[in-house]
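Single-letter residue listing:
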Amino acid sequence: MSTDEVKDTLGAMGSDPSYVWMSGELVAWDDAVVHASTLGWSAISMVFEGIRGYWNSEEEQLNIFHLDLHLERLLRSMKVMRMTSPWSVAELKRTIVDLVQANEFRDDIYIQPLAYFGGSTTPGYLPVSERPGDITIFNRQIGSVLGSGQITSCGVSSWTRISDNVMPPRVKAIANYQNSRYVADESSRHGYDFGIILNPQGKVSEISYACLYIVRDGVAITPPVSAGILESITRDVVRHLFQDELGVQVVERDIDRTELYIADEVFICGTGAELQAVGSIDGYQIGNGGMGPLVSQLEQLFHDIVRGKDSRYPEWRSGVY
Ligand code: PMP
C-alpha cells in the first residue's frame, strides 16, 4: 500500500450514519446540532475517545475493541477537567452497542465519544466547581491497514511534547491535539508520514497520534507513562501480546533520539494508526527498511485478535449483532 492509499484508507469516512447519540437521546444525523454560542470555549475543556470496531465477515459480527478500557479512560479524562459523567461506564457501553446497531454498520468502524460542558451560559474558561458534562457519540466507517504490509517513514519533530504540568498528555483532551497537529503538519511538509515528538527532557515521547516501540537485541522498549504520552490502550495490548504470546521481554524506559536510528525494529501503535512498522527515521534506515520479524508476528496476532478470527481474549471484544 502506498502512503497515499493508507491515508485514503484511514481517512475514508463512508456515508453519514443514520444516528448520533446526544446526552441520552438517539438523534437523526441532520438534527444532531448544537447552538453556535457553544463553539469556542466548550472545546477548551472537551475530552474524547477514539475506539475501533472490526467487522468479522465469517461470524457476521462487529467486535468493538477494548470498549470498557476506552470508556474508563474517558471518565478519567473528564475527572481531570472536573467534569462528572451522568452515565456510568456500563451505561455508556450499552449506549454505544445500541448506537452501532441502530446505524447498521457491517464494516470496520471508528467510534468517537466527546464530553464537554454544553450550554452557553457558563464560559468554559472560568474556574469551575465540578459539574456534569454533556456527552455526544458518533460513529463512522474507517479502513484498516492491518495486513497491508504498510511501512512508514518518520522524522523527529522540532516541536516539543506538552508535559504533565502544562497540558497533561494522559488526558485525552481536544486542546492537546494542537501539539500533535503542529507535529503532523511539520512532518508531512518534510515528506514524512509521521513525526516523533521529544519531551522537554529531550527523550522520545510519542508520535503525533500514536505510541512507539523500538526493538533492540530482542527486547521491546517503550517510553514510560511519565514521558508525556497518552496512556495508550494499544501500547498495553502490545506489551501483553509480546510478553504472554511471543515470549518477548518488554521494558518501559526513556529512549534517546539516537537509539531510534540504531534500533533493529521500530513500530508505532494506536487505535487509529493500528500497528505500522517504521522503515526510516530522519532518513536513517531502520533494520532492513521493511517489516522486522517481531513486528510482523505481532501484527498478524493483533489483526486476528481484534477481528475475532483468533478466539482468544474474548473479554477484549464487545460483540455487536
Ligand atoms: N498518543 C496519542 C496522542 C494518540 O492520539 C493516540 C490515539 N488515541 C495514542 C497515543 C494511542 O492511544 P490508544 O492506543 O489508546 O489509541
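Definitions and cut-offs
Residues numbered from 1 in each chain as written. Predicted model: local features only at pLDDT ≥ 70, side-chain atom pairs only at ≥ 80, totals over all residues. Heavy atoms only, no water. Helix = DSSP H or I, 4+ residues; strand = E, 2+ residues; numbered from the N terminus. Contact = heavy atoms within 4.5 Å. Expected span 1.5 Å × (residues − 1). Buried < 20%, exposed > 50% of the residue type's maximum accessible area, 1.4 Å probe, protein only. Near = heavy atom within 4 Å. Polar contact = N/O pair within 3.5 Å; in protein donor to acceptor, adjacent residues only side chain to side chain. Areas by Shrake-Rupley, 256 points an atom, 1.4 Å probe, with all protein chains shown as cover. Nonpolar A, V, L, I, M, F, W, Y, C, P; charged D, E, K, R; others polar. 1 Å grid on protein atoms, 1.4 Å probe; cavity = no way out; pocket = protein on both sides within 12 Å on 5 of 7 lines; lining within 4 Å. Points joined across faces, edges and corners; volume = space filled by probe spheres on them. Phe/Tyr/Trp six-rings, centres within 6.5 Å; stacked < 30°, edge-to-face > 60°. Axes fitted to C-alpha atoms, helices over the stretch in contact; angles between N-to-C directions. Parallel < 35°, antiparallel > 145°, perpendicular 65-115°, else oblique. Disulfide = S-S within 2.5 Å.

Asks: Honestly, the side chain of Ser153 in this entry has me stumped. Any pointers?
Replies: Structurally, the position occupied by Ser153 is in strand E10 (residues 151–160). Not counting the four nearest positions on each side in its chain, Ser153 is found in contact with Gly191, Tyr192, Asp193, Phe194 and Ser280.

Asks: Whenever I open this one, helix H8 (residues 293–307) confuses me. Can you help?
Replies: Side chains that are three or four residues apart share a direction in an α-helix, a result of its 3.6 residues per turn. Here H8 spans 22 Å end to end across 15 residues, near enough to the 21 Å set by a 1.5 Å rise per residue. Among all positions of H8, only Leu294, Val295, Leu298, Glu299, Leu301, Phe302, His303, Ile305, Val306 and Arg307 are buried. One or two steps after H8, the chain reaches Gly308, where phi turns positive at roughly 80°.

Asks: Just to check I follow, could you spell out the site of the ligand for this structure?
Replies: Contacts to the ligand come from 15 residues, most closely from Arg73, Tyr177, Ser232, Thr234 and Thr271. In this structure, Lys172 approaches the ligand through a side-chain N or O atom, which is 2.9 Å from a nitrogen atom. In the environment of the ligand, a nitrogen atom lies 2.8 Å from a nitrogen or oxygen atom belonging to the side chain of Glu206. About the coverage of the ligand: the protein hides 96% of its 390 Å² of free accessible area. Class assignment for the residues of the shell around the ligand results in 6 nonpolar, 5 polar and 4 charged.

Asks: Explain empty space enclosed by the protein to me, please; I cannot follow it from the model alone.
Replies: Gaps left between atoms show up when a probe the size of a water molecule is rolled over them. Tallied over the full model, the rule gives 1 cavity of 30 Å³ or more. In this structure, the largest cavity encloses a volume near 70 Å³. As for the largest cavity, its lining consists of Arg52, Tyr54, Phe65, His70, Ile233, Thr234, Thr271 and Phe302. Elements with a minimum of two residues in the lining of the largest cavity: strand E4 (51–56) and helix H6 (233–245). Residues belonging to the lining of the largest cavity are distributed by class as follows: 4 nonpolar, 3 polar and 1 charged.

Asks: When you look at unusual backbone geometry in this model, what are you seeing that I'm missing?
Replies: Apart from glycine, the bulk of residues carry a negative phi angle, and the bulk of peptide bonds sit in the trans form. Located in the positive-phi region is Arg82, a residue other than glycine, with phi close to 55°. Tracing the backbone through its elements, the reader meets Arg82 in the loop between helix H3 (67–80) and strand E6 (83–84). Backbone geometry places Asp217, a non-glycine residue, at a positive phi of 50°. Tracing the backbone through its elements, the reader meets Asp217 in the loop between strand E13 (211–216) and strand E14 (219–222).

Asks: Help me understand the packing of aromatic side chains in this model?
Replies: Between two aromatic rings, the relevant description is the distance of the centres plus the angle of the planes. Applying the stated criterion to the full structure yields 13 aromatic pairs. Arranged with centres 6.1 Å apart and planes meeting at 75°, the rings of Phe65 and Trp316 form a pair that is edge-to-face. Linking Phe65 in strand E5 (residues 61–65) with Trp316 in the loop between H8 and strand E19 (317–320), this pair joins segments that are 251 residues apart in sequence. Given a relative accessible area of 9%, Trp316 falls into the buried group. With 4.1 Å between their ring centres and 15° between their planes, Tyr313 and Trp316 make a pair best called stacked.

Asks: Teacher, can you tell me more about the packing of H6 against H8 here?
Replies: A pair of packed helices can be characterised by two numbers: the angle between their axes and the separation between those axes. With their axes 11 Å apart at the nearest point, H6 and H8 run at an angle of 110° to one another. By the angle between their axes, H6 is roughly perpendicular relative to H8. Contact residues: H6 offers Thr234, Val237, Val238, Leu241, Phe242 and Glu245, while H8 offers Leu294, Leu298, Leu301, Phe302 and Ile305. For the contact of H6 with H8, the per-class residue count stands at 9 nonpolar, 1 polar and 1 charged.

Asks: Help me out: how do you make sense of the state of the cysteines in this one?
Replies: The bond known as a disulfide is covalent and runs between the sulfur atoms of two cysteines. All told, the structure shown has 0 disulfides when counted by the stated rule. The thiol of Cys154 is not disulfide-bonded; the next cysteine sulfur, from Cys269, is found 12 Å away. On the basis of relative accessibility, which here comes to 0%, the residue Cys154 falls in the buried class. Its sulfur unpaired, Cys211 is 5.6 Å from the next cysteine sulfur, which belongs to Cys269. Overall, Cys211 belongs to the buried group, its relative accessible area being 3%.

By themselves, these figures tell us nothing about what the structure is for.
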